[in-house]
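Commentary on secondary and tertiary structure
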Amino acid sequence: MTAGRGLLVAIEGPGGVGKSTATALVTRLLKSEGLPALATREPTDTDLGNLARHGTDEYQGEAMACLIAADRFMHGEEIRPALERGEIVVCDRYIASSLALQCMDGVDQEFVWLLNERVIQPDLTVMVSGQPDVIEARLAARGAHSRYERADGSSHVECAYFAEAAKFLRKKGHRVLGVDASHVPAEEVARSIVAAIVRLRKDHQNHDAGRADVQLEQSVPGARGEAAPVSGAAAGVGAGADGDGAQRGV
Ligand code: TMP
């Protein structure tokens, strides 16, 4: 991370868990603290993104994985300049969604990774989770967005795939924060995410200034724990085995 560079934060998790609300609230809170923040989402609101978003019945498996990855590479054209301006880019769905949903669609995890390892890597992946029954009820209330959410028990399956995705990303050295949103108000979820982002930002600033890279590790209990989501404001952040966190590939 070089001085003045922003952060890319991915908000991930199964359908119905509250990702888009969290993205909006986190961005608003960051701005209210005077930090430059940009909310975005995937698939993007472009022709390519809309093809993916509305084409989940038509496109499946490897074809969908490639479509989503192409949209993600294009999204980099918006994300990269924002990061260079020092902004905190908060993205509703990113690589973990592909690892979960495309693998759920039968695509090999390594193939999904191959498609994604050269996109801009997130500095932090926030894995919003919840009890599958609670999510299922929310999903039933808001209606399914795609075929991934239509099948009975889809939330149980999705939760398991997102947990796998978290494990996979950790092994790749990504920083993953688990937040259990089952019985926690959306504002509290957002505040705990913002607290982690602010700590990470300070950590990067200290690192850039040549000081010890210890702040995040000290301030978050269980920092190297296995994605075990914790309710409410407490959350576990795990970097890779080397503790160096995510590296952004461009
Ligand atoms: P949603 O965010 O409104 O639930 O819809 C996003 C749609 O795009 C949903 O059908 C899932 C799909 N999608 C993937 O399959 N993989 C991905 O990596 C992303 C970002 C989205």
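Since this is a predicted model, take the numbers as computed values, not measurements.

1. Some words on the overall build of the protein
Looking only at helices and strands, one finds nine helices and seven strands in the protein. When the 250 residues of the protein are sorted by exposure, 45% land in the buried category. If you take every contact in the protein between residues at least 6 apart in sequence, the share linking residues at least 24 apart comes to 78%.

2. Structural notes on helix 3 (residues 61–84)
Side chains of residues three or four places apart in an α-helix project in the same direction, reflecting 3.6 residues per turn. Taking 1.5 Å per residue, 24 residues should reach 34 Å; helix 3 reaches 34 Å between its end C-alpha atoms and fits that length. At Glu 77, helix 3 shows its strongest bend, of approximately 35°, with the proline Pro 81 following within four residues. Of all the residues in helix 3, the buried ones are Ala 65, Leu 67, Ile 68, Ala 69, Asp 71, Arg 72, His 75, Ile 79 and Leu 83. At its buried positions, helix 3 is contacted by strand 1 (7–12), helix 2 (47–53), strand 3 (88–92), helix 4 (95–104) and helix 5 (109–116). Downstream of helix 3 by a residue or two, Gly 86 has a phi angle that is positive, lying close to 90°.

3. A short note on the confidence of the model for the protein
With 82% of its residues at a pLDDT of 70 or more, the protein has an overall mean of 85. Under a pLDDT of 50 for its full length, residues 212–236 has, in the predicted model, 63 contacts with residues more than four places off or in other chains. Overall, residues 238–250 carries pLDDT values under 50, and its contacts beyond four positions in sequence, including any with other chains, amount to 40 contacts.

4. What about the packing of helix 6 (residues 132–142) against helix 7 (residues 154–171)?
Taken N-terminus to C-terminus, the directions of helix 6 and helix 7 make an angle of 125°; their axes are 8 Å apart at the nearest point. Relative to helix 7, helix 6 is oriented oblique. Crossing hand, helix 6 versus helix 7: right-handed. For the pair helix 6 and helix 7, contact is made by Pro 132, Ile 135, Glu 136 and Leu 139 and by Ser 155, His 156 and Cys 159, respectively. Its residues assigned to classes, the contact of helix 6 with helix 7 shows four nonpolar, two polar and one charged.

5. As for the site of the ligand
Surveying the vicinity of the ligand reveals 16 residues, the closest of which are Glu 42, Arg 93, Ser 97, Ser 98 and Ser 146. Counting only elements with at least two residues in the shell around the ligand, the list comes to helix 2, helix 3 and helix 4.

6. Regarding unusual backbone geometry
Residue Glu 42 is joined to Pro 43 through a cis peptide bond whose omega torsion reads -10°. Relative to the helices and strands, Pro 43 is located in the loop between strand 2 (37–41) and helix 2. The phi angle at Arg 93 is positive, at roughly 75°, despite the residue not being glycine. Tracing the backbone shows Arg 93 in the loop between strand 3 and helix 4.

7. Some points on the pairing of strand 5 (residues 176–180)
Both faces of the sheet carry side chains from a regular strand, because those side chains alternate between them. Most of strand 5 sits inside the fold, with five of its five residues counted as buried. Neither face of strand 5 is left uncovered, since the one carrying Val 176, Gly 178 and Asp 180 and the one carrying Leu 177 and Val 179 both have all their residues buried.

8. Overview of the environment of Val 179
By the secondary structure assignment, Val 179 is in strand 5. Sequence separation of Val 179 and Val 128 is 51 residues, and the distance between their C-alpha atoms is 4.9 Å.

9. Some remarks on the packing of helix 3 against helix 5
Look at helix 3 against helix 5: their axes get within 9 Å of each other, and the N-to-C directions meet at 25°. Put simply, helix 3 runs roughly parallel to helix 5. In the crossing of helix 3 with helix 5, the sense of the turn from one axis to the other is right-handed. Together, Glu 62, Ala 65, Cys 66, Ala 69 and Arg 72 of helix 3 and Phe 111, Val 112, Leu 115 and Asn 116 of helix 5 make up the contact between the two elements.

10. As for helix 8 (residues 186–208)
The end-to-end C-alpha distance of helix 8, which contains 23 residues, comes to 33 Å, matching closely the 33 Å that a straight helix rising 1.5 Å per residue would cover. Of all the positions in helix 8, only Val 189, Ala 190, Ser 192, Ile 193, Val 194, Ala 196, Ile 197, Leu 200, Arg 201, Asp 203 and His 204 are classed as buried. Looking one or two residues past helix 8, Gly 210 carries a phi angle of roughly 85°, positive in sign.

Calculation criteria
- Residues numbered from 1 in each chain as written.
- Predicted model: local features only at pLDDT ≥ 70, side-chain atom pairs only at ≥ 80, totals over all residues.
- Helix = DSSP H or I, 4+ residues; strand = E, 2+ residues; numbered from the N terminus.
- Buried ≥ 20, exposed ≤ 12 C-beta atoms within 10 Å, placed from the backbone.
- Contact = placed C-beta atoms within 7 Å.
- Expected span 1.5 Å × (residues − 1).
- Bend = angle between axes of the 7 residues up to and from the residue.
- pLDDT = per-residue confidence, 0-100.
- Axes fitted to C-alpha atoms, helices over the stretch in contact; angles between N-to-C directions.
- Parallel < 35°, antiparallel > 145°, perpendicular 65-115°, else oblique.
- Left-handed = near helix turned anticlockwise from the far one by under 90°.
- Nonpolar A, V, L, I, M, F, W, Y, C, P; charged D, E, K, R; others polar.
- Near = placed C-beta within 6 Å.

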